[in-house]
Amino acid sequence: MNETINLTKMDGTNIEATLICYFENVNDKKQYLYYTLNEISGTDSNSTVKIYCAKVRQNDPILDEPINESTWEQLKGHMAEALKETLNPDIKFLPINSLTDKTIVSEKVIAMPVSYNYISKHYKFYIDNISSDTNVIEPAPIDANPAQETELTEPVVTSSPSEEENNNVNEQAVVEPTVAPAEYSAPNEPVQIDESVNANPIDIAAIEQKYAKMIEDINKLKEQELEAVKRYNATIQLSSMHNEQHASYVQNEQTKEVVTPLPQNTFEPTPVEPTPIEPVAVEPAAPIPPQDIETNWFDMPIQ
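Definitions and cut-offs
Residues numbered from 1 in each chain as written. Predicted model: local features only at pLDDT ≥ 70, side-chain atom pairs only at ≥ 80, totals over all residues. Heavy atoms only, no water. Phe/Tyr/Trp six-rings, centres within 6.5 Å; stacked < 30°, edge-to-face > 60°. Helix = DSSP H or I, 4+ residues; strand = E, 2+ residues; numbered from the N terminus. Buried < 20%, exposed > 50% of the residue type's maximum accessible area, 1.4 Å probe, protein only. Pairing = 2+ DSSP bridges.

Attention now goes to the packing of aromatic side chains. Using the criterion set out here, one finds 7 aromatic pairs in the structure. Considering the side-chain rings of F93 and F125, the 5.8 Å spacing of their centres and the 90° angle between planes classify their relative orientation as edge-to-face. Taken as a pair, F93 in strand β6 (residues 91-93) and F125 in helix α2 (residues 118-128) lie far apart in primary sequence, 32 residues in all. Considered together, F93 and F125 belong to a single accessibility category, that of buried residues. Feature note: the residues F23, Y32, Y34, F93, Y123, F125 and Y126 constitute an aromatic cluster, connected by ring pairs.

In terms of residue burial, strand β2 (residues 14-25) counts as a mostly covered element, since 10 of its 12 residues are buried. In this sheet, β2 lies alongside strand β1 (residues 4-8) in antiparallel orientation, the contact comprising 5 bridges. Note that in β2 the partner of T4 across the bridge is T18. The antiparallel hairpin formed by β1 and β2 contains 5 residues in its connecting segment, where G12 sits at a positive phi of about 95°. Alignment of β2 against strand β3 (residues 31-36), held across 6 bridges, turns out to be antiparallel. For T18, the partnering residue across the bridge sits in β3 and is T36. Between β2 and β3, which pair antiparallel and follow one another directly, the connecting turn spans 5 residues, one of which, K29, has a positive phi of 65°. By the bridge criterion, 3 bridges tie β2 to β6 in an arrangement that is antiparallel.

In structure tokens, the structure reads:
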């Protein structure tokens, strides 16, 4: 099971993370830490888990530079190498107890398919390849089994020794035994194969194909993430342009209402020559006899 480690994020918050690996780039001496918070998205075969690649603080302005795009590509390459169990000579795995400052100065995150079982695989690869430069190697315990000691101790005799020489040889064998290496095998000794086991050769091409598919999926996830970011940035840019255009339109409309003068009347009347009026002769009306005039009582004088 992966080890748990307490880390300090860039904003000062403390987190409890699951360790994946801790290593140093032997070329520039920068140290990195892979961890996860076990954040899973999706379901079934499409589920993914977030993996964080962090640059740990080394209290050096050069070593504590943020992760750039070139370094990010290298860090993702190390993930693929761990899945293929390929040890990169440019990195050196370090024991986590040698990490004195657990503060993160820069980090990137990527989604890894849960089906890859990446977290446990990379952690096992890390544990199996931790550099011995910073480890204290405990001496192997001495086995008190005399039979095993007899097998490892082989005094060399060049001729038939005398009794005195035999005693010297035995004393030398007890005091300074010659111990054969742990990986010693007699020359020309045939390899013993258990005939009861049905030994079939491992298909190397199938392994290569499997990990090639993993790398292809990782690259596809990268392209999908980049495409989503591009669409998001384009949406923000389009929204900003729309807001600017709308503000410009409103400002222009307000300017029109204030500055635009009323249209001037350029109509010029056409002079009309007066038509002379001819006098009309009016014939006087015939007088009406008094007895034929109708009297309106409203016109009557008040008595």
